[in-house]
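Chain by chain, the residues:
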Amino acid sequence: QHPQRFIGSFVLPLQDPKLALGELERAVKSLGLKVANISSSYNGVYMGDPVYHPFWEAIERLDVAVWIHPEGVRDPWFQRYALWNSAGQSIEESKVMASLIYEGVMTKFPGLKVVMAHGGGYFPHYMGRLDRNTANRPDTVRNAGGKTPGAFLRSFYYDTCVYDPQVLKVLLERVGADRLVMGSDYPVGERDPVGWLRDCGVAGDDLARIAGGNAARLLGI
């Protein structure tokens, strides 16, 4: 009833890439959905793996936005103290971003619209060591056109669900307001996500972009 206000999303059976491709076509062409919700990995295979390259090719062709939110860490060590949700999710986000970069997905399909949950986890905040490693081992970025991981930070979009004003500030400095979308983490996130952005000093055009403009542009509405 309100297609300009509510946008549908979908999940896919990515344990089987061929089945997922068929469901992707149905979700977009028959159902008119615009966002694919996916995890960082399936059965231990991360989303940059070559087995998923046909999926990314179809995503780019269909102009679908992709929301990556890990489904949790199964490693027993992370189950103590609920670390699967705190440290674990941020590690998973770092692993999937590295996978997409080093396996060449972000190079082969530059038109992708990939939004990372939780501000991309730890990944955007540790470029020094990652980029330095490519100087010692240039072979590691052969699938990325020889570019450093840091060169791909603006190839992704990031939500603002980071809970720490300093982390948000660094993210803004690294990727810019045009690459951030508001994250609520509902029902456990900030009680007033827009108010939290204001409290962090985000205002004017930047606030308008992050609180809705960027998402509208990604979704074509």
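Notes on the structure follow. A quick note: this is a predicted structure, and the numbers were derived from the prediction, not measured.

Quick word on the overall build of the protein chain
In terms of regular secondary structure, the protein chain is built from 8 helices and 8 strands. The C-alpha atoms of the protein chain give 17 Å as radius of gyration, which agrees with the globular expectation for 221 residues (17 Å, within 12%). Counting over 221 residues, the protein chain shows a buried share of 43%. When contacts within the protein chain are restricted to residue pairs at least 6 apart in sequence, long-range pairs at least 24 apart make up 69% of them. Positive and negative side-chain charges of the protein chain, numbering 24 and 24 respectively, have mean locations separated by a distance of 3 Å.

Here we look at the packing of aromatic side chains
Taken as a whole and judged by the stated rule, the model has 3 aromatic pairs. Between the aromatic rings of Trp-77 and Phe-78, the centroid separation amounts to 5.1 Å while the plane-to-plane angle is 85°, which identifies the pairing as edge-to-face. When the ring centre of Tyr-157 is taken as origin, the NZ or CZ atom of Arg-179, which lies over that ring, is 3.9 Å away.

Observations regarding the sheet that holds strand β8 (residues 180–181)
A sheet is described by the order of its strands in space; here 6 strands give the open sequence β1-β2-β5-β6-β7-β8, paired in parallel fashion. Two strands lie at the open edges of the sheet, namely β1 (9–11) and β8, each paired on one side alone. The sheet contact formed by β1 and strand β2 (residues 35–38) spans 3 bridges and is parallel. When the sheet's bridge partners are listed, Phe-10 is paired in β2 with Ala-36.

Some remarks on the environment of Val-51
The residue Val-51 is located in the loop between β4 (45–46) and α2 (53–62) in this model. Once the C-alpha coordinates of Val-51 and Ser-9 are considered, the two residues, 42 residues apart in sequence, prove to be 23 Å apart. Excluding anything up to four places from it in sequence, Val-51 contacts Pro-17 and Val-45.

Observations concerning the side chain of His-118
Examined against the element boundaries, His-118 turns out to sit in the loop between β6 (113–116) and α5 (127–136). Exposure remark for His-118: the relative accessible area of 17% places this residue in the buried category. In contact with His-118, other than residues within four places in its own chain, are His-69, Gln-89, Glu-93, Asp-159, Cys-161, Val-162 and Asp-185.

With respect to the pattern of salt bridges
Two side chains of opposite charge can pair, provided their charged atoms sit close to one another. Under the definition given, this model contains 7 salt bridges. Across the pair Arg-61 and Glu-25 runs a salt bridge whose closest N-O atoms are separated by 2.7 Å. Remark: Glu-25 occurs in helix α1 (residues 17–30) and Arg-61 occurs in helix α2; sequence separation between them is 36 residues. With a closest N to O distance of 2.9 Å, Asp-178 and Arg-154 form a salt bridge. Of the two residues, Asp-178 is situated in the loop between α6 (165–175) and β8 and Arg-154 in the loop between α5 and β7 (157–159); the sequence distance between them amounts to 24 residues. Because the salt bridges share partners, they merge into one network encompassing Glu-25, Lys-29 and Arg-61.

Scoring rules and cut-offs
Residues numbered from 1 in each chain as written. Predicted model: local features only at pLDDT ≥ 70, side-chain atom pairs only at ≥ 80, totals over all residues. Heavy atoms only, no water. Helix = DSSP H or I, 4+ residues; strand = E, 2+ residues; numbered from the N terminus. Rg over C-alpha atoms; globule rule 2.2 N^0.38 Å. Buried < 20%, exposed > 50% of the residue type's maximum accessible area, 1.4 Å probe, protein only. Contact = heavy atoms within 4.5 Å. Lys, Arg positive; Asp, Glu negative; His and termini not counted. Charge placed at Lys NZ, Arg CZ, Asp CG, Glu CD. Phe/Tyr/Trp six-rings, centres within 6.5 Å; stacked < 30°, edge-to-face > 60°. Lys NZ or Arg CZ within 6 Å of the ring centre and 35° of its normal. Pairing = 2+ DSSP bridges. Salt bridge = Lys/Arg side-chain N within 4 Å of Asp/Glu carboxyl O.

Read these as spatial facts, not as claims about activity.
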